[in-house]
Amino acid sequence: MEKVSLWVRNGLAVVGVLALGYWLGAAGTVKASSSASSTGDVEFQLAGVNENSSLLVYQPGTRTVYVYRAATTGNSYLQCNFKFQLSTPGGAIQRLPCPVQSLLP
């Protein structure tokens, strides 16, 4: 009986550690989606809120993922660093530079 309680205690400890790791890993990620009337749905994900953060914006209509590095540090006006053009699921992904934007609105 003592051996069974030892196995149960160890099993619960492992499950607790895994749950804590999952919770801490998901804490730095924010996901959201928004509907835009003329451009279709836009989804974004902010991974990490530190100097290594990145903002990913996905536009399903064009099957394009836009990447903004260091989204939470530095200048408040962000330039798109590059974009991924998606073809078919499981197909090749093409990385392209984003066009340079003007700082004036």
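Residues numbered from 1 in each chain as written. Predicted model: local features only at pLDDT ≥ 70, side-chain atom pairs only at ≥ 80, totals over all residues. Heavy atoms only, no water.

Participant: Quick question: what am I supposed to make of the overall build of the protein chain here?
Facilitator: On a plain count of helices and strands, the protein chain comes out with 1 helix and 6 strands. The order of α-helices and β-strands along the protein chain, N terminus first, is α-β-β-β-β-β-β. Counting over 105 residues, the protein chain shows a buried share of 14%. With an accessible surface of roughly 8200 Å², the protein chain has 62% of that area assigned to carbon and sulfur atoms. (Helix = DSSP H or I, 4+ residues; strand = E, 2+ residues; numbered from the N terminus. Buried < 20%, exposed > 50% of the residue type's maximum accessible area, 1.4 Å probe, protein only. Areas by Shrake-Rupley, 256 points an atom, 1.4 Å probe, with all protein chains shown as cover.)

Participant: Is there a simple way to explain the packing of aromatic side chains in this structure?
Facilitator: How two aromatic rings sit relative to each other is set out by the distance from centre to centre and by the angle between their planes. This structure, assessed with the given rule, holds 1 aromatic pair. Measuring from ring centre to ring centre gives 5.3 Å for F82 and F84, while their planes differ by 85°; the resulting arrangement is edge-to-face. The ring centre of F82 lies 5.7 Å from the NZ or CZ of R95, which sits over that ring. (Phe/Tyr/Trp six-rings, centres within 6.5 Å; stacked < 30°, edge-to-face > 60°. Lys NZ or Arg CZ within 6 Å of the ring centre and 35° of its normal.)

Participant: Just checking my understanding: could you explain the environment of Q59 for this structure?
Facilitator: By the secondary structure assignment, Q59 is in strand β3 (residues 54–59). Distance in space between the C-alpha atoms of Q59 and D41 is 6.5 Å, their sequence separation being 18 residues.

Participant: Help me out: how do you make sense of the confidence of the model for the protein chain in this one?
Facilitator: Interpretation of the predicted coordinates at a detailed level should be avoided for regions scoring low in pLDDT. Averaged over every residue, the pLDDT of the protein chain is 73; the share at 70 or more is 68%. In the predicted structure, residues 33–38 sits below a pLDDT of 50 and forms 6 contacts with residues beyond four places in sequence or in another chain. (pLDDT = per-residue confidence, 0-100. Contact = heavy atoms within 4.5 Å.)

Participant: Please explain the pairing of β3 as it appears in this structure.
Facilitator: In the case of a regular strand, side chains alternate between the two sheet surfaces. Pairing of β3 with strand β4 (residues 64–69), which is carried by 6 bridges, proceeds in the antiparallel orientation. From the neighbouring strand, Y58 faces β4, where its bridge partner is V65. (Pairing = 2+ DSSP bridges.)

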